[in-house]
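Each chain is listed here by its residues.
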Amino acid sequence: MALHGSNGRRRRRQRGFTLIELLVVLTILALIGGVVGTQVLRYVGTAKSETARLQMNQISSALDLFRLDVGRYPSQAEGLRALVERPAGLARWNGPYLKGGQLPADPWERAYVYRMPGSQGRDFDLISLGADGQVGGSGEAADIVLN
């Protein structure tokens, strides 16, 4: 280190950041994290809803195959289990109709709701109750209904 001044004191060079500089950097990182984090959470919610729609389309296709083989959709009592297990008394059942022989849960780990006959003149209703698991809701908690 070099001597500075006539009194012979040694001055150290300061290395590092001041407290203000650190606070500014942390504030900027927090702002960026807040914006990016919000977008990531919105994307994850949308991805779960889209996953539910895709699974419901697969289940609907399996229900159509069941109908082609048996001549009808599963009854309310038989439910979606009829896609993976032969119901009693059905000789023309040619399943399982879903890969892996298991019913998928919705992205929130709950069973899909199957109603036979369906509402509004449909053959059946297939519903995911969304993030909240309750009938109705809005946004991420909205029900997803196969049309």
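Check the entry above for the structure.
Residues numbered from 1 in each chain as written. Predicted model: local features only at pLDDT ≥ 70, side-chain atom pairs only at ≥ 80, totals over all residues. Heavy atoms only, no water.

Chemist: Even after reading the chapter, I still don't get the nonpolar core, so can you show me in this structure?
Modeler: Soluble globular proteins tend to pack their nonpolar side chains together in the buried interior. Membership of the largest hydrophobic core comes to 23 residues, with the highest contact counts inside it found for Leu63, Phe66, Leu80, Leu83 and Leu126. Tallying contributions element by element places helix H1 (residues 19–70) first for this core, with 7 residues. The residues contacting Phe66, other than those within four sequence positions of it, are Gly71, Arg72, Tyr73, Pro74, Glu78, Ala82, Leu83, Leu90, Trp93 and Tyr97. (Core = buried A, V, L, I, M, F, W, Y, C linked by side-chain atoms within 4.5 Å. Buried < 20%, exposed > 50% of the residue type's maximum accessible area, 1.4 Å probe, protein only. Helix = DSSP H or I, 4+ residues; strand = E, 2+ residues; numbered from the N terminus. Contact = heavy atoms within 4.5 Å.)

Chemist: Would you mind going over the side chain of Ser60 with me for this structure?
Modeler: With respect to the element layout, Ser60 can be found in helix H1. Setting aside chain neighbours within four positions, we find Ser60 in contact with Phe124, Leu126 and Leu146.

Chemist: What exactly am I supposed to notice about the pattern of salt bridges here?
Modeler: Where charged atoms of side chains with opposite charge meet at close range, the side chains can pair. Throughout the structure, instances matching the rule amount to 4 salt bridges. Taking the shortest distance from any N to any O, the salt bridge between Arg53 and Glu50 comes out at 3.4 Å. In this pair, Arg53 and Glu50 are both assigned in helix H1, 3 residues apart and thus about one turn of the helix distant. A relative accessible area of 38% places Arg53 in the partly exposed class. Measuring nitrogen to oxygen at the nearest pair gives 3.1 Å for the salt bridge that ties Asp125 to Arg122. (Salt bridge = Lys/Arg side-chain N within 4 Å of Asp/Glu carboxyl O.)

Chemist: I keep staring at a nonpolar patch on the surface and nothing clicks. Help me out?
Modeler: Taken together, Leu19, Leu23, Val25, Leu26 and Leu29 make up a surface patch of nonpolar side chains, about 510 Å² in accessible area. Here Leu29 lies in helix H1. Assessed through its relative accessible area of 52%, Leu29 is described here as exposed. (Patch = residues over 30% accessible without salt bridge, like charges linked within 9 Å, V, L, I, M, F, W, Y side chains within 5 Å. Areas by Shrake-Rupley, 256 points an atom, 1.4 Å probe, with all protein chains shown as cover.)

Chemist: I would appreciate a short explanation of unusual backbone geometry in the present structure.
Modeler: Glycine aside, the phi torsion of most residues is negative, and most peptide linkages are trans. Look at the link from Gly95 to Pro96: it is a cis peptide, with omega at 5°. Note that Pro96 resides in the loop between H1 and strand S1 (113–115). Of note, the amide linkage connecting Met116 to Pro117 takes the cis form, showing an omega dihedral of 0°. Relative to the assigned elements, Pro117 resides in the loop between S1 and strand S2 (125–128). The phi angle at Glu109 is positive, at roughly 65°, despite the residue not being glycine. Backbone geometry places Gln120, a non-glycine residue, at a positive phi of 55°.

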